[in-house]
Structures are given as C-alpha cells and as structure tokens.
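The chain contents come next:
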Amino acid sequence: QVRLVESGGGLVQPGGSLRLSCAASGSFLSIERMGWYRQAPGKQRELVARITSGGSTDYADSVKGRFTISRDNAKNTVYLQMNSLKPEDTAVYYCNALWYNGIYYDSWGQGTQVTVSS
C-alpha cells in the first residue's frame, strides 16, 4: 500500500508561482512513475505532468514551458514547480503514483487546491 501526501497549494495572483510536493510512503518494491493531474470544476481530470524513475517526463501542452516536474527518488517525493500561473490553472491538483509490489498498482493523493486569481 502506498500513501501519497500532497502539500503546497494555495491562492496566487496571475503570473505568480507555486511549488507542489507529494511524498509517498508505505510498503512497495519500487515506484515506477509519479505525476500530477488536475481537475477544474465541471471538467474531467487531466494529466499535468509525470516523471518516471529514470527521469523521463511528459507535460500537457497547456503547461509546457511554465511547469517543471522533478523527483527525488531517495525521498520518494515528486515536485511540481508552477511558474507564470494563469487563472485557467485553477483546479484541484492530485498526485498519482504507479508502483510495483509484484504487480503494478495505481494510487492517488487527496488533492490540493490551487487558485489563481487577482
């Protein structure tokens, strides 16, 4: 079982920055991939960015050049540095982990609110 705890959300003005963190704990052999998804009111959950244990990354087109995902494998922690934030980035951000313990499992964090508003 893997538990994901997110932190770092909040209220920020347009053009501002926030850094999200997600720490994984529990019993597992490895965490293959960690990532961030978001869900705005009335919309489906969508991928923001993800990173493999080897450091390969994927980003949504809407955040490329503004957001950076990174990972500390020793701490089982993933970060999302969000710069040049826009009102349309407002959403609940969820951490996700694909982890291995004989078979692959998928876990989600509880979500952290990010609001971009003046």
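Residues numbered from 1 in each chain as written. Predicted model: local features only at pLDDT ≥ 70, side-chain atom pairs only at ≥ 80, totals over all residues. Heavy atoms only, no water.

Student: Looking at this model, I keep getting lost on the pairing of strand S1 (residues 2-7). Mind explaining?
Tutor: Two faces make up the sheet, and in a regular strand the side chains alternate between them. Side chains of S1 alternate between two faces, with Val2, Leu4 and Glu6 buried and Arg3, Val5 and Ser7 left unburied. Pairing analysis gives six bridges linking S1 to strand S3 (residues 18-26), with the strands arranged antiparallel. From the neighbouring strand, Glu6 faces S3, where its bridge partner is Cys22. (Buried < 20%, exposed > 50% of the residue type's maximum accessible area, 1.4 Å probe, protein only. Helix = DSSP H or I, 4+ residues; strand = E, 2+ residues; numbered from the N terminus. Pairing = 2+ DSSP bridges.)

Student: Whenever I open this one, the state of the cysteines confuses me. Can you help?
Tutor: Note on terminology: a disulfide is the covalent bond linking the sulfur atoms of two cysteines. Under the defined criterion, the tally for this structure stands at one disulfide. Here Cys22 engages in a disulfide with Cys95; their sulfurs sit 2.1 Å apart. Across the S-S bond of Cys22 and Cys95 the torsion is about -85°, and the bridge reads as left-handed. Remark: Cys95 occurs in strand S9 (residues 91-100) and Cys22 occurs in strand S3; sequence separation between them is 73 residues. Since its relative accessible area comes to 0%, Cys22 is described here as buried. (Disulfide = S-S within 2.5 Å.)

Student: Please clarify how the side chain of Ser107 should be interpreted in this entry.
Tutor: As for its position among the elements, Ser107 is in strand S10 (residues 104-108). Classification of Ser107 by relative accessible area gives buried; the value is 9%. In this structure the side chain of Ser107 is engaged in a polar contact, spanning 2.8 Å, whose partner is the side chain of Trp99. (Polar contact = N/O pair within 3.5 Å; in protein donor to acceptor, adjacent residues only side chain to side chain.)

Student: So what exactly am I meant to see when it comes to the environment of Ser30 here?
Tutor: With respect to the helices, strands and loops of the structure, Ser30 is situated in strand S4 (residues 30-39). Placed 68 residues apart in sequence, Ser30 and Leu98 show a C-alpha to C-alpha distance of 8.9 Å.

Student: Honestly, the packing of aromatic side chains in this entry has me stumped. Any pointers?
Tutor: Aromatic ring pairs are defined here through the distance separating the ring centres and the angle between the ring planes. Under the criterion given, the structure shown has three aromatic pairs. Centre to centre, the rings of Trp99 and Tyr105 are 4.6 Å apart; their planes meet at 20°, and the pair counts as stacked. A residue is classified by how much of its surface remains accessible, and Trp99, at 3% relative accessible area, is buried. Tyr105 sits in the partly exposed class, given a relative accessible area of 36%. (Phe/Tyr/Trp six-rings, centres within 6.5 Å; stacked < 30°, edge-to-face > 60°.)

Student: Help me understand the pattern of salt bridges, please; the structure alone is not making it clear to me.
Tutor: Side chains that differ in charge, positive against negative, can pair when their charged atoms come close. Going through the model one piece at a time under the given rule, you end up with five salt bridges. A salt bridge links Asp58 to Arg50; its shortest N-O distance comes to 3.2 Å. With its nearest N and O atoms 3.1 Å apart, the salt bridge here joins Asp61 to Lys64. On the basis of relative accessibility, which here comes to 65%, the residue Asp61 falls in the exposed class. Taken together, the salt bridges that share partners define one network made up of Arg38, Glu46, Arg66 and Asp89. (Salt bridge = Lys/Arg side-chain N within 4 Å of Asp/Glu carboxyl O.)

Student: Even after reading the chapter, I still don't get the nonpolar core, so can you show me in this structure?
Tutor: As a rule of thumb, nonpolar side chains are buried together in soluble globular proteins. Grouped together as the largest cluster of nonpolar side chains are 30 residues, with contacts concentrated most on Met34, Trp36, Leu80, Met82 and Tyr93. Of all the elements in the fold, those that place two or more residues in this core are S1, S3, S4, strand S5 (46-52), strand S7 (67-72), strand S8 (77-82), S9 and strand S11 (112-116). Of all the elements, S9 adds the most residues to this core, at five residues. When residues no more than four places from it in sequence are discounted, the contact partners of Tyr93 are Glu6, Leu20, Trp36, Tyr37, Arg38, Val48, Phe67, Leu80, Met82, Gly111, Thr112 and Val114. (Core = buried A, V, L, I, M, F, W, Y, C linked by side-chain atoms within 4.5 Å. Contact = heavy atoms within 4.5 Å.)

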